[in-house]
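Structural features, examined
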Amino acid sequence: MVMTSSPTDPTDSGATGGYLLDNARAEAGERFVWLAELFDGVTRGHFERLGVGPGSRCWEVGAGGTSIPAALAAMVGPTGYVLATDLDTSWLQENDGYDVRRHDVAADPPPEPGTFDLVHARLVLVHVPDRARALATMAAALRPGGWLLIEDADTALQPLACLDDSGPEQRRANRIRNAIRELLAGRGAELRYGRTLPAALRAAGLADVAASGSFPVGGVACDRLEASTIRHVRRELIAAGLADDAELDAHLAAIGAGRLDLTLAPLISAWGRAGRMRAGGGQSVVVEGVEP
Ligand SMILES: C[S@@+](CC[C@H](N)C(=O)[O-])C[C@H]1O[C@@H](n2cnc3c(N)ncnc32)[C@H](O)[C@@H]1O
């Protein structure tokens, strides 16, 4: 069953102006392709390490495009189950072997609580104002022993677009990256969220919490992602007085010439698992971690 969302509502959080990189624009689809190219290898490595395999039940939160739900569907096979949810499901395709449902992880109850072996969200929570509630919703969807894997950028840890800012083109790229960070912060994004993930997972009641980080430096996928992002937010950058047309055109030309060696903020991947639940005086309490 596919439940599609209204293209008018994605992540609109009222006073903050809503999610900056909303799925309604064509550039969102391009961004999903390049995010997949840059990070799916990292994410799939975590899936394998956390024991996702034939028969696993997985919930992909804020899925965006098809690549991760399709990869999970291939890993779990016909005896498993994959649910892909998003505020705006228009880039998802159910016939790739996974179910699709519109779901706001910050407002809706967990689908099928207590049943998933893996719940995963990548580059989602940084944009969600009520992150603690979203984490609680995802944790409540896990079976005892199931893993929560959250991957989010920490753009304050490494804010540069060009690590080697030796020339004017590189310094312009860094100014424009900073302007985009300003726009994101103005929409309620938490730019230091990645580093807080281990503590946030422990606060959500998870056990055996650990994390790692990675970021690509240079290459075509970084260039293409940057160009798509610039086109996506161009209007907002100009309206906010953070950049002008000439500057953005020059930046796009430098990207096209492939001479910037663009990079990204580190992606922090953090994981923890639900403990075994035991009824105690009418309440369920976590008493221990269990094997996956
Ligand atoms: C930067 S994209 C990341 C997409 C994908 N997870 C990836 O890593 O390529 C953020 C996604 O989160 C979704 N999203 C934002 N807020 C959400 C919410 N409250 N509930 C569910 N999805 C949300 C957006 O619609 C978008 O598809």
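Bear in mind the structure is a predicted one, so any value in this text is a computation, not a measurement.

Two packed helices can be described by the angle between their axes and the distance between those axes. Where helix α6 (residues 220-239) meets helix α7 (residues 245-256), the closest approach of the two axes is 10 Å, and the angle between their N-to-C directions is 175 degrees. Relative to α7, the element α6 is oriented roughly antiparallel. Across the interface between the two elements, Asp-223, Glu-226, Ala-227, Ile-230, Arg-234, Leu-237 and Ile-238 of α6 pack against Asp-245, Leu-248, Asp-249, His-251, Leu-252 and Ile-255 of α7. A breakdown of the residues in the contact of α6 with α7 according to their chemical character gives seven nonpolar, one polar and five charged.

Residues Trp-59, Val-119, Leu-125, Leu-135, Met-138, Leu-148 and Ile-150 are the most contacted members of the largest nonpolar core, which totals 29 residues. Elements represented by at least two residues in this core include exactly β1 (57-61), β2 (81-86), β4 (116-122), α3 (131-140), β5 (142-153), α5 (193-203) and β7 (267-273). Aside from chain neighbours lying at most four places away, what touches Val-119 is Trp-59, Val-61, Met-138, Ala-141, Leu-142, Trp-147, Leu-148 and Leu-149.

Running from N to C, helix α4 (residues 168-186) and α6 point in directions that differ by 60 degrees, and their axes come no closer than 11 Å. Taken together, the axes of α4 and α6 lie oblique to each other. Considering only the axes of α4 and α6, their crossing is left-handed. Between α4 and α6, the residues in contact are Ile-176, Arg-177, Ala-179, Ile-180 and Leu-183 and Glu-226, Thr-229, Ile-230, Val-233, Glu-236 and Leu-237, respectively. By residue class, the composition of the contact of α4 with α6 is seven nonpolar, one polar and three charged.

Residues of the protein chain with pLDDT of at least 70 account for 87%, and the chain-wide mean is 87. Residue range residues 1-16 is modelled with pLDDT below 50. Its contacts to residues more than four positions away, or to other chains, number 31 contacts. Across residues 278-292, confidence stays below pLDDT 50; counting only partners more than four residues off in sequence or on other chains, it has 27 contacts.

For α6, which comprises 20 residues, the first-to-last C-alpha distance of 29 Å matches the rise-based estimate of 28 Å (1.5 Å per residue) to within 8%. Buried residues dominate α6, accounting for 14 of its 20 residues. Positive phi appears at Gly-241, one or two residues downstream of α6, with a value of about 70 degrees.

On to unusual backbone geometry. Even without a glycine there, the phi angle at Leu-123 is positive, about 55 degrees. On the secondary structure map, Leu-123 appears in the loop between β4 and α3. Positive phi outside glycine occurs at Asp-261, with the angle close to 50 degrees. Residue placement: Asp-261 occurs in the loop between α7 and β7.

Here we have seven strands laid out as an open sheet, ordered β3-β2-β1-β4-β5-β7-β6, and mixed in their pairing. In the strand order of this sheet, the two ends are held by β3 (99-102) and β6 (207-214), each with one partner. Sheet twist, expressed as the average angle between the axes of neighbouring strands with direction ignored, equals 15 degrees. Each of β1, β4, β5, β6 and β7 touches helix α1 (residues 26-49); the most contacted strand, β4, lies at about 155 degrees to it. Those strands touched by helix α2 (residues 67-76) are β1, β2 and β4, and its axis lies near 170 degrees from that of β2.

Applying the stated criterion across every chain yields a total of three aromatic pairs. Ring geometry for Phe-32 against Trp-91: centres 6.5 Å apart, planes inclined by 80 degrees, an arrangement best described as edge-to-face. Of this pair, Phe-32 sits in helix α1 while Trp-91 sits in the loop between β2 and β3; the two residues are 59 residues apart in sequence, bridging distant segments of the chain. Taken together through their ring pairs, the aromatic side chains of Trp-59, Tyr-81 and Phe-116 make up a single cluster. Across from the ring centre of Tyr-193, 5.6 Å away, lies the NZ or CZ of Arg-131, which sits over that ring.

Summed over the entire model, instances satisfying the criterion amount to 12 salt bridges. Between Arg-101 and Glu-112 there is a salt bridge, with its nearest N and O atoms 3.2 Å apart. With Arg-101 in strand β3 and Glu-112 in the loop between β3 and β4, the pair connects residues that are 11 residues apart, well separated along the chain. According to the relative accessible area criterion, Arg-101 is partly exposed, its value standing at 22%. Two residues, Asp-249 and Arg-234, come together in a salt bridge whose shortest N-O distance is 2.9 Å. With Asp-249 in helix α7 and Arg-234 in helix α6, the pair connects residues that are 15 residues apart, well separated along the chain. Salt bridges sharing common partners tie together Arg-57, Arg-101 and Glu-112.

Conventions used here
- Residues numbered from 1 in each chain as written.
- Predicted model: local features only at pLDDT ≥ 70, side-chain atom pairs only at ≥ 80, totals over all residues.
- Heavy atoms only, no water.
- Axes fitted to C-alpha atoms, helices over the stretch in contact; angles between N-to-C directions.
- Helix = DSSP H or I, 4+ residues; strand = E, 2+ residues; numbered from the N terminus.
- Parallel < 35°, antiparallel > 145°, perpendicular 65-115°, else oblique.
- Contact = heavy atoms within 4.5 Å.
- Nonpolar A, V, L, I, M, F, W, Y, C, P; charged D, E, K, R; others polar.
- Core = buried A, V, L, I, M, F, W, Y, C linked by side-chain atoms within 4.5 Å.
- Buried < 20%, exposed > 50% of the residue type's maximum accessible area, 1.4 Å probe, protein only.
- Left-handed = near helix turned anticlockwise from the far one by under 90°.
- pLDDT = per-residue confidence, 0-100.
- Expected span 1.5 Å × (residues − 1).
- Pairing = 2+ DSSP bridges.
- Phe/Tyr/Trp six-rings, centres within 6.5 Å; stacked < 30°, edge-to-face > 60°.
- Lys NZ or Arg CZ within 6 Å of the ring centre and 35° of its normal.
- Salt bridge = Lys/Arg side-chain N within 4 Å of Asp/Glu carboxyl O.

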